[in-house]
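An overview of the molecular structure
Spelled out from the first residue to the last, the chains are:
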Amino acid sequence: MAIAVLSLVLAACGQPAPGGGTSAAPSATVAATASPTRGGTAIVAIWQFPSTLAAHYANQTVTDIVNYGVIEGLAETNTNGEYIPTLATKVPTVANGGAKMTADGKKLDVTWELKPGIKWSDGDPLTSADIKYTWEIWMKDPKVNNRTGFSEIESVDLPNDLTAVVHYKSIYAPYPLNFFSLMPKHLLEKEADISKTDYVRRPLGTGPFKITEFKTDESITLEKNTNYRDAPDKPYLDKIIFKSVPSSQVGLAQLQAGEVHAMWNLTEAQTPDVEKTAGLALQVVPGPTVERIELNTAENKEYTDPNSVHPVLGDIEMRKALLYATPKQSIIDKLLFGKAKPGSSPVSQGWAAYKEPQEGYDPVKANATLDKAGWVKGSDGIRSKGGVRASLTYATTTGDQLRERVQQVLVDEWKAIGVEVKIQNQPSSVILSGSCTGKDPRKLGTFDLLMYASTPSIDPHSTILPRYHSKQIPTQADCSGQNYTRFKNPDADKAIEEAGSTLDIEKRKAAYAKVMKALNDAYVVIWMYDRANIDARVTGLQGWEANVWRRFTWDVQDWWLKK
Amino acid sequence: MRRLLQALPLLFAISVASFAILKATPGGPLAAYEGNPSFTEDDRARLEHAFGLDRPLPIQYLSWLGSFLTGDWGYGFASHQPVLTLIGERLPNTLLLMGSVFVIVLLFAIPIGVTTAVKQYSVYDHAVTGATFTFLSTPTFWLGLLLIILFGLQLRWLPLGGVSTPGAPFDVVDRLRHLILPVATISLVQLGSHVRYLRASMLETIGQEYVRTARAKGLAERVVVLRHALKNAAIPLVTVVALDVPELFVGALVTEQIFGWPGMGRLFLDAAFRSDYPVLQGILAVSSTLIVLANLLADVAYGYLDPRIRYS
């Protein structure tokens, strides 16, 4: 408190504060609103509790929320989707010579240089050996979540303490974010099994805060890291406490009651409550998550033949009509409180975003399309063609209120154009299990219409290749692909392969646009809406900035509490 | 002693059955990884091997049983913590919550049950009967939320959840304030059923001939009710109370969830959502043992309260 007042006074006098961090302001009133004050504890409500904070084991979103203040990597993403250096001096690119393709064009060498003088929060220096060690752990530890990127690395050379040369055995385009989370060699190298150490709950990092307490299902306490590279200027806060709340409803209630300062991931339906409470502010950031309805173009049966044709959805005119009869905007306005945007492609954000919209809501056109295609309405108002009744099933995850309401709207809309749709929901543990043994209907091909959301990573290749290449249709022999609509287009295949073999961003962008256009021209997916990330805070918590690609705690070093 | 031995095959059967049910539920512990597009079939195979899920089911069961009996309860898949550590972290919170409930329910149930029976059909009896039926038929989650809204949100008297104020040093008053609402939620519902049990059996015993005899001997009404009637009337209550004992360990699933109470109930629920087999099996093994033991305990207590009951 005293320090905060002191820095306020100093700032007000037009003197730089002792740390030099706060910007000098001409008057006390301006200082109070514009210039950060030091100290204080911010409490952030989390309604999921991290089972582990070790980045290589974790698979929960909430782990990132906590870790962003603690663990850093070589580079990160700004809100425009551009790579910016964190612990490295610069992001290596072909242009600046940091990234080089080998002469045969098949391999890639990336040279990273660390900023000098960076320390782990225990005071030990960060060296290039930690980069190599991070790769080794990811490849060695059997319990690691996944090895994306790391498995593409052939070797890592360490010319000196601050330089690491990473040799990829392929053209791995998302290399800038490969080392998103560095691990401390000096602490862990003597451990036989990291999963049995304290690191699982209190990982050591180079970030603005360090974890001082982990009370399961209660709270996680982060304290200022005095060895942080911007210390003592930043962070402004002394502490951040992540407090467990049983649900986002309770989180919101605690925010309204003043028990917490911020909470993450509100539903659209909760936003009116925040908007009408004085002293609270909403932060609505467009996110990369896209809610979609996928249309199965192959027969609806277990281990469907990729070359079979769905009796109803196999007709592109039928698929068009379903899209024309989908009132995206009114669903967004009424069910999502206007806090989302109509979808247009799987990649809605970042450098490869494809925003050419799908055709809008027009039930007259939908009816005309079906009439023209020979789908004739029967006495019950449902169309049929050649003895095939226009009757479909519509699946999504059970227990999701928003999705269930969207289903009700669409069942009515589609019935009005003569298509009968029966709801057939299943638990998310089955429907999104992503495995044939887990009976995922998308993998098996046992669905007609299926609605869910997916979030692409900043480099779209990991989304576009497995989802839209014709070789990625899951079959009994190889269940790994994610081409669930059974979309087959030789030109799109070629474009995907081209994009995967170059580092030229413009060429890749054009290739992905070609794929996404082909996808929309085939009408195999209805892109419902691009979902926003909605966070809320008390207005006294300041210094936030939005970042489409990262969770709201990405800039905690800049947060400060108004006294 | 013989009954203790009889309990062993029962416990074994329970553990086999629970293992089978856990394995039969769809999803599995790796389902949580699936949302990630980077998670490949190779990753799945590697993790299945690391967690021992690729072995035949009987082998998985036997290896779990073997290490369980030697005190190694395994590691949680999600948290990588020893199951015993996970239980150890939650148990004190659950004991505190359920222990408070246990004591409060007993303290109130006996006097209320006895007095309502003695003053049958009085205004007091009708009021208590009305109240107990109301609470008995109220779902816990609804009652809990109601109390939160009333005392937490509207009146702002009590915190909305958790065991203590985060970041604050240990403080008894703060702890108690966090305890009030969850304890009240469970106690009100449990009190309803316990009072009903005791009232019913008190009414039955008060009508018995030996009670009339006691009165005829000229004993004070107090002595008649407490020594002669209550001791016999308490037998059905003993069963109910003995079966409360395992709850001290298991916790309250719904209430802990609503109040964000970091206890055994939440541990179990989280583990169930994630199909975290080692955690689930550890909890199920302990809770089934406690339930079997509690039943034994109730039988022993019967013998004490009513010497006519003998087990052969």
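Bear in mind that the values here come from a model prediction, so they are computed numbers and not experimental data.

**Overview of the packing of helix 4 (residues 83-118) of chain B against helix 11 (residues 264-274) of chain B**
All names here are of chain B. Interaxial distance between helix 4 and helix 11 falls to 8 Å at its minimum, and their mutual angle equals 135 degrees. Our classification of the angle between helix 4 and helix 11 gives oblique. Mapping the contact onto sequence places Leu86, Arg90, Leu91 and Thr94 in helix 4 and Met264, Gly265 and Leu267 in helix 11. Of the residues assigned to the contact of helix 4 with helix 11, the class counts are 4 nonpolar, 2 polar and 1 charged.

**Describing the pairing of strand 7 (residues 163-168) of chain A**
Residues and elements named next belong to chain A. Burial along strand 7 is one-sided: the residues Ala164, Val166 and Tyr168 are buried and none of Thr163, Val165 and His167 is. Looking at chain direction, strand 5 (residues 108-113) and strand 7 are connected through 6 bridges and run antiparallel. Each residue of the ladder has a partner; that of aspartate 109, found in strand 7, is histidine 167. Relative to strand 7, strand 6 (residues 153-160) runs antiparallel, the two sharing 5 bridges. Of the residues in strand 7, the one forming a bridge with asparagine 160 is threonine 163. The turn joining strand 6 and strand 7, which pair antiparallel and follow one another in sequence, is formed by 2 residues.

**Digging into the interface of chain A and chain B**
Reports of interface size often rely on the accessible area that becomes lost once the parts have come together. Tallying the contact residues gives 42 residues for chain A and 38 residues for chain B. For the side of chain A that touches chain B, the secondary-structure elements that each account for two or more residues are strand 1 (41-46), strand 9 (219-224), strand 10 (239-244), helix 6 (248-257), helix 12 (428-431) and helix 14 (461-468) of chain A. Of the residues that constitute the side of chain A that touches chain B, the class distribution is 13 nonpolar, 21 polar and 8 charged.

**Overview of the confidence of the model for chain A**
Per-residue pLDDT for chain A averages 89, and the proportion of residues at 70 or more is 94%. The low-confidence segment residues 1-32 of chain A, where pLDDT is below 50, has 42 contacts with residues more than four positions distant or belonging to other chains.

**Describing the sheet that holds strand 15 (residues 383-385) of chain A**
Residue and element names in this part refer to chain A. Spatial ordering of the open sheet is given by 14-15-16, a layout of 3 strands whose pairing is antiparallel. Looking at strand neighbours, the two that pair on one side only are strand 14 (376-377) and strand 16 (388-389), the edges of this open sheet. Across 2 bridges, strand 15 lies against strand 16 in antiparallel orientation. Bridge assignment links serine 384 to a residue of strand 16, and that residue is arginine 389.

**As for the sheet that holds strand 5 of chain A**
Residues and elements named next belong to chain A. Read across the sheet, 4 strands follow the order 4-5-7-6 without closing on themselves; strand pairing throughout is antiparallel. On the outer flanks of this sheet lie strand 4 (99-101) and strand 6, each paired with one strand and no other. Along the sheet, successive strands turn relative to each other by an average axial angle of 15 degrees, direction set aside. Strand contacts of helix 4 (residues 128-140): strand 5, strand 6 and strand 7, with the helix running at about 165 degrees to strand 6, the strand carrying the most contacts.

**Examining helix 7 (residues 172-206) of chain B**
Counted at 1.5 Å a residue, the expected span for helix 7 of chain B with its 35 residues is 51 Å, but the 44 Å between its end C-alpha atoms falls short. Remark: the principal bend of helix 7 of chain B, roughly 35 degrees, maps to isoleucine 180 of chain B, with a proline, proline 182 of chain B, within the next four residues.

**Examining the nonpolar core**
Ranked by internal contacts, the top residues of the largest apolar core, which has 176 residues, are Ala42, Val44, Ile240, Met263 and Val515 of chain A. With 11 residues, the top contributor of residues to this core is helix 7 of chain B. Contact partners of methionine 263 of chain A, with chain neighbours within four places excluded, come to Val44, Ala45, Gly251, Leu252, Leu255, Asp535 and Ala536 of chain A. Grouped together as the second largest cluster of nonpolar side chains are 15 residues, Met264, Leu267, Phe268 and Ile283 of chain B included.

**Things to note about the pairing of strand 8 (residues 209-215) of chain A**
Residue and element names in this part refer to chain A. Summarising the sheet, strand 8 and strand 9 pair through 6 bridges and their orientation is antiparallel. Paired with lysine 210 across the bridge in strand 9 is glutamate 223. Hairpin connection between strand 8 and strand 9: a loop of 3 residues separates the two successive antiparallel strands, and aspartate 217 in this loop has a positive phi of roughly 60 degrees.

What counts, and where the lines are drawn
- What you see as residue numbers is a count from 1 along each chain, following the sequence as written.
- All chains are assigned letters beginning with A, and all ligands numbers beginning with 1, in the order in which they are written.
- Residue-level local features of this predicted model are given only where pLDDT is at least 70; pairs of side-chain atoms are given and counted only at 80 or more, and the full residue set underlies all totals for whole chains, interfaces and linings.
- Every axis in this analysis is a line fitted to C-alpha atoms, fitted for helices over the stretch in contact. Angles between the N-to-C directions lie between 0 and 180 degrees.
- Runs of H or I in DSSP of at least four residues are treated as helices and runs of E of at least two as strands, each being numbered from the N terminus.
- We call two directions roughly parallel when the angle between them is under 35 degrees, roughly antiparallel when it is over 145, roughly perpendicular when it lies between 65 and 115, and oblique otherwise.
- Whether two residues are in contact depends on their C-beta atoms, placed from the backbone: they are in contact if these lie within 7 Å.
- Only Asp, Glu, Lys and Arg are considered charged, only Ala, Val, Leu, Ile, Met, Phe, Trp, Tyr, Cys and Pro nonpolar, and every remaining residue, Gly among them, polar.
- Exposure classes come from backbone-placed C-beta atoms, where a residue is buried if 20 or more other C-beta atoms lie within 10 Å of its own, exposed if 12 or fewer do, and partly exposed in between.
- By the convention used here, strands pair only if DSSP detects at least 2 bridges between them.
- Each residue carries a pLDDT value, the predictor's own confidence for that position, ranging from 0 to 100.
- To estimate the expected span of a helix, count its residues, drop one, and scale the result by 1.5 Å.
- In this analysis the local bend is the angle between axes fitted, respectively, to the seven residues ending at and the seven residues starting at the residue.
- To form a nonpolar core, buried Ala, Val, Leu, Ile, Met, Phe, Trp, Tyr and Cys residues must be joined through C-beta atoms within 7 Å.

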